[in-house]
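A structural walkthrough
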Amino acid sequence: MKGKSLRSTALAGLTVAAILLEARAGFAVDEEPLNLLRLRSAKVESTTSPADVTAIARLTDGDAKTVAEIAATEATPLDVTFTFGGGVVAPEGIRVTLPEGSGSAAVRVEILVSTASAHAGFRSLRTDPLAAEGKPQTFEFPTTAARWIIVRLAPQPGARKVAAAEVEVIGREGEPKSHYAFAESPAKAFDVLTRLEKTTSLKLAVSDDEKAMFAKAKAGRLTPVEFAEAALLASGVVDAGKRKEYLKRLDALEQQARAAVANTRTPAAKGEALLEWLHKGPISKGYVARQTGLSVIFDTGTFNCVSSAVLYNVLALRLGLDVRAIEVPDHAFSILYDGTRHMDVETTNAKGFNPARDKAAIAKFEQMTGFRYIPDAHRDQRREVEEAGLVAIIYYNQGVFLSEAKRYHEALVANFRAMSLDPEFGSAVKNALAVLANWGAELSRDGKFQEALEVVTTGLALAPKDAALVNNHSAVWSQWALSAVDAGKPSEALAILERAAAAVPSGGFEGMQSLVYIRPADIRMREGRWEDALAAAVPGFEALAGEPRKELEKWLGYFGQEWSAALAKKEGEARALGALRGFVARFPGNEHVISAADSHVRRMAFGLADAGKFEEALAAIQGAKDLMKDTAGVREASLYVYDDWAKRHMKDGRWEMAADVYVKGFAAYPGEGLFKGNVAYEPPTRRAEPRRPPRSRRSSRRSSLESSPSGSPAAKGWPV
């Protein structure tokens with residue numbers, strides 16, 4: 001089994017939304033893809049039915065009403081090879097439209113690509129059955145480079161022709177966009193990762209033999225001998241002498257394999273015989289999920305999908321077969337080509353050669369591994385790799401296992417070893433990013449903040465735009481400062497925030513300084529320890545300046561609002577009003593404190609009015625008018641009570657009593673238009689009523705700072 005993807009392991013500890021470049025295979029979203037077969041440079045290079053040139057043109061004329069019906073049989077399906085004037089294109093999907101009601105409509109489509117020539121080096125990107133319907137059917141696959149594209153249409157059983165209305169290959173001109181997400185090459189990335197040696201006390205140097213192997217892979221396709229040695233290196237056989245011993249054993253296996261396939265005549269027959277022989281001998285001890293190493297096969301006879309595919313391909317190449325490997329999420333297997341024809345080889349099963357033809361073999365494979373056979377799953381994620389790519393999967397699996405064991409530094413190096421062989425290995429890219437983010441988050445949760453920052457900043461040196469790392473850089477600083485606050489060390493917390501502001505200028509850390517004092521005060525407020533809460537916050541007025549001080553001043557208003565409400569409920573309004581007078585006197589000129597006092601008086605009065613105690617409400621306003629902002633506010637609140645009182649009478653039809661209320665109001669506030677106009681028993685003119693005071697809210701800055709140590713892409717600042 002290919003190692004479990006870190007999308008479900010290393011990422012499990014993070015709370016990052018749409019996390020870590022969880023890219024979907026298929027059509028990109030940065031620009032609209034094109035129909036590559038309609039490019040001016042697109043030409044038909046060759047076809048299996050050259051006599052039907054005019055009909056073939058109808059396949060790509062952009063008109064689904066024109067139907068191409070072309071000679072083909074089950075044994076010889078229609079192949080059309082397209083070229084692009086020597087240029088490179090990047091296909092990422094194929095779309096087929098069949099004619100309605102045609103008795104010869106195609107039943108299967110396949111797309112193959114080559115960058116080598118029009119006659120060799122082809123690899124299959126996707127094969128799919130076609131539904132018997134006239135609407136377009138689209139099939140996506142990982143973007144790849146191509147100079148030649150073969151579109152293959154299979155006819156119905158027994159048919160002599162195959163029909164289609166339109167075939168489109170979706171993609172873009174030029175080389176495909178790289179999946180490699182790092183600012184440094186894998187070779188330079190190893191140097192960057194040495195920064196973490198002091199965090200782990202590990203020296204994880206890449207050996208000279210590995211460097212030579214990476215260089216050979218970069219230069220071109222590995223030879224069969226280089227492939228075997230690379231697989232042994234990746235399997236942990238770092239001693240050159242021991243590798244020679246294993247290679248001698250491999251030479252002996254090759255001779256046995258030649259004897260086992262000696263009576264076969266075709267590449268397919270030879271490939272099938274080789275698989276059956278392997279399961280009778282070298283890998284006869286059975287499937288072990290994590291047995292990913294080639295050397296372990298020699299030692300134990302056990303295997304998983306990766307190690308069995310490696311051994312199969314090593315021997316098949318020595319026997320002259322054209323084999324490669326298919327990498328999909330959580331699995332890998334071999335593929336054998338005979339020209340442009342190909343057969344999957346499920347190497348975990350003795351009957352796994354071209355398993356689509358044998359339902360019993362598929363069932364056995366699924367029972368053994370727990371996976372569905374790949375042609376029935378992940379069709380859009382099949383990725384063909386050559387020898388270096390298959391060796392890269394060995395390193396990748398090691399990275400997964402090391403990460404699960406929380407040996408993060410070693411896991412990173414393993415993933416970059418994989419990328420040194422296969423820079424487009426998307427799973428290795430994602431897992432390296434996940435390890436960096438997860439490791440930093442775990443160190444932060446353990447209170448190892450300096451080490452966490454070293455990991456995260458090393459990650460940012462490699463991938464400066466990665467959303468999780470960017471977020472976690474701020475989150476670790478926040479967690480560090482928060483821990484100092486909770487430990488009762490405000491000066492230390494301020495020093496940390498000052499460093500954080502220098503390290504992350506856009507992180508808003510300067511504004512967070514007020515929370516060094518607000519957070520402990522809030523905790524005490526929730527516990528009902530009001531005097532202690534105020535005592536925790538007040539020192540901030542000496543320590544803070546600028547925006548942080550203003551935030552603390554705003555908080556005082558919130559404190560006054562909550563404190564006075566709690567006092568009124570517990571000890572009565574007289575106690576609350578007395579406390580507010582002392583509070584206003586203690587913080588003269590603070591507009592937020594004044595607003596809190598004003599709002600309390602209004603809520604007190606309006607609450608009495610709601611209870612029908614209008615005279616008490618008016619008396620309460622007059623008795624506490626010293627706590628209101630100004631005389632205009634006293635007047636506004638009183639008018640509200642008079643008007644509400646009168647309307648209550650009018651609602652019950654007591655018009656004379658309503659008029660009496662307006663007379664009283666007019667006497668208290670002569671010239672007030674509302675009262676003057678309503679004394680004559682007319683229904684009151686509608687006017688905007690004084691609004692009830694809203695409860696004070698925390699500032700928008702405070703609410704935006706909620707975060708967790710591992711954070712989310714948009715979050716910054718303080719966990720709550």
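Report on the accompanying structure. (Residues numbered from 1 in each chain as written. Predicted model: local features only at pLDDT ≥ 70, side-chain atom pairs only at ≥ 80, totals over all residues. Heavy atoms only, no water.)

**Thoughts on the overall build of the protein chain**
Per the secondary structure count, the protein chain includes 27 helices and 17 strands. When contacts within the protein chain are restricted to residue pairs at least 6 apart in sequence, long-range pairs at least 24 apart make up 69% of them. Working note: accessible area of the protein chain is about 31,900 Å², and carbon and sulfur atoms make up 51% of it. (Helix = DSSP H or I, 4+ residues; strand = E, 2+ residues; numbered from the N terminus. Contact = heavy atoms within 4.5 Å. Areas by Shrake-Rupley, 256 points an atom, 1.4 Å probe, with all protein chains shown as cover.)

**Quick notes on the nonpolar core**
Ranked by internal contacts, the top residues of the largest apolar core, which has 137 residues, are Phe182, Leu274, Tyr312, Phe416 and Trp555. In terms of residue count, the dominant contributor to this core is helix H11 (residues 387–404) (11 residues). Here Phe182 is in contact with Phe416, Met419, Val429, Ala432, Leu433, Leu462 and Ala463, once residues within four sequence places are set aside. With 35 residues, the next largest nonpolar core counts Ala68, Ile94, Leu125 and Ile149 among its residues. (Core = buried A, V, L, I, M, F, W, Y, C linked by side-chain atoms within 4.5 Å. Buried < 20%, exposed > 50% of the residue type's maximum accessible area, 1.4 Å probe, protein only.)

**Observations concerning the pattern of salt bridges**
Across all of its chains, the model carries 38 salt bridges by this definition. Between Glu168 and Arg95 there is a salt bridge; the shortest N-O distance is 3.6 Å. Here the residue Glu168 occupies a position in strand S11 (residues 166–173), and Arg95 occupies one in strand S5 (residues 89–97), the gap between them amounting to 73 residues. In this structure, Arg126 engages Asp128 in a salt bridge whose closest nitrogen and oxygen atoms are separated by 2.5 Å. Per residue, the accessibility class of Arg126 equals that of Asp128, and both read buried. (Salt bridge = Lys/Arg side-chain N within 4 Å of Asp/Glu carboxyl O.)

**Topic: the sheet that holds strand S16 (residues 341–345)**
Strand order in the open sheet formed by 4 strands is S16-S15-S14-S17, with antiparallel pairing between adjacent strands. The open sheet has two free edges, formed respectively by S16 and strand S17 (383–385), since each of these has just one partner strand. Adjacent strand axes in the sheet meet at a mean angle of 35° when their direction is disregarded. Pairing geometry for strand S14 (residues 322–328) and strand S15 (residues 331–338), over 7 bridges, is antiparallel. Each residue of the ladder has a partner; that of Val323, found in S15, is Leu336. Against the sheet, helix H7 (residues 267–280) contacts S15 and S16, and its axis sits at roughly 145° relative to S15. Strands S14, S15 and S17 of the sheet are contacted by H11, whose axis makes an angle of about 40° with S14. (Pairing = 2+ DSSP bridges. Axes fitted to C-alpha atoms, helices over the stretch in contact; angles between N-to-C directions.)

**Structural notes on the pairing of S16**
Judged from the 5 bridges that link them, S15 and S16 form a sheet pairing that is antiparallel. Along S16, the bridge assignment pairs Asp338 with Arg341. Two successive antiparallel strands, S15 and S16, enclose a turn made up of 2 residues, where Gly339 displays a positive phi of approximately 70°.

**Quick word on the packing of aromatic side chains**
One pass over the full model with this rule turns up 18 aromatic pairs. Sitting over the face of the ring of Tyr337, Arg324 holds its NZ or CZ atom 3.9 Å from the ring centroid. (Phe/Tyr/Trp six-rings, centres within 6.5 Å; stacked < 30°, edge-to-face > 60°. Lys NZ or Arg CZ within 6 Å of the ring centre and 35° of its normal.)

**Some points on the sheet that holds strand S9 (residues 148–154)**
The 5 strands are arranged S2-S4-S9-S6-S7 in an open sheet whose pairing can be described as antiparallel. This sheet does not close on itself; its edge strands, each paired only once, are strand S2 (43–47) and strand S7 (123–129). When strand polarity is set aside, the average angle formed by the axes of neighbouring strands in this sheet is 20°. When strand S4 (residues 78–83) meets S9, the two strands line up antiparallel, connected through 6 bridges. Residue pairing for S9: Val80 is matched across the bridge by Val151.

**With respect to the environment of Gly171**
Residue placement: Gly171 occurs in strand S11. Under the relative-accessibility criterion, Gly171 is labelled buried at 0%. In this structure Gly171 touches Pro33, Leu34, Leu36, Ala90, Pro91 and Glu92, once residues within four positions along its chain are discounted.

**Considering helix H23 (residues 614–623)**
Looking only at H23, the buried set comprises Phe614, Ala617, Leu618, Ala620 and Ile621. The buried residues of H23 occupy an angular sector of 160° when the element is viewed end-on, so they sit on one face. (Arc of directions from axis to C-beta.)

**Structural notes on the packing of helix H9 (residues 305–318) against H11**
Where H9 meets H11, the closest approach of the two axes is 10 Å, and the angle between their N-to-C directions is 155°. Judged by the inter-axis angle, H9 sits roughly antiparallel to H11. Along this stretch, H9 crosses H11, giving a crossing that reads as left-handed. Residues Val306, Ala309, Val310, Asn313 and Leu317 of H9 touch H11, and the partners they reach there are Glu387, Leu390, Ile393, Ile394 and Asn397. Considered class by class, the residues forming the contact of H9 with H11 number 7 nonpolar, 2 polar and 1 charged. (Parallel < 35°, antiparallel > 145°, perpendicular 65-115°, else oblique. Left-handed = near helix turned anticlockwise from the far one by under 90°. Nonpolar A, V, L, I, M, F, W, Y, C, P; charged D, E, K, R; others polar.)

**Details of helix H24 (residues 631–651)**
For an α-helix the count is 3.6 residues per turn, leaving residues at separations of three or four pointing the same way. Here H24 is 21 residues long and its end C-alpha atoms lie 30 Å apart, about the 30 Å a rise of 1.5 Å per residue gives. With a side-chain oxygen positioned 3.3 Å from the backbone nitrogen of Ala632, the residue opening H24 is Asp630. Backbone geometry just after H24 places Gly653 at a positive phi near 80°. (Expected span 1.5 Å × (residues − 1). Polar contact = N/O pair within 3.5 Å; in protein donor to acceptor, adjacent residues only side chain to side chain.)

**Thoughts on the environment of Lys242**
Within the secondary structure, Lys242 sits in helix H6 (residues 240–260). Residues Lys242 and Leu232 lie 10 residues apart in sequence; the distance between their C-alpha atoms is 9.5 Å.

**Overview of the pairing of S5**
Of all the 9 residues making up S5, 8 are buried; the element is thus mostly covered by neighbouring parts of the structure. Relative to S11, S5 runs antiparallel, the two being bridged by 8 bridges. Looking at the pairing, Ile94 lines up with Val169 of S11. Two elements, S5 and strand S8 (residues 137–140), share 4 bridges in a ladder whose sense is antiparallel. Across the sheet, residue Gly93 finds its bridge partner in S8, namely Glu140.

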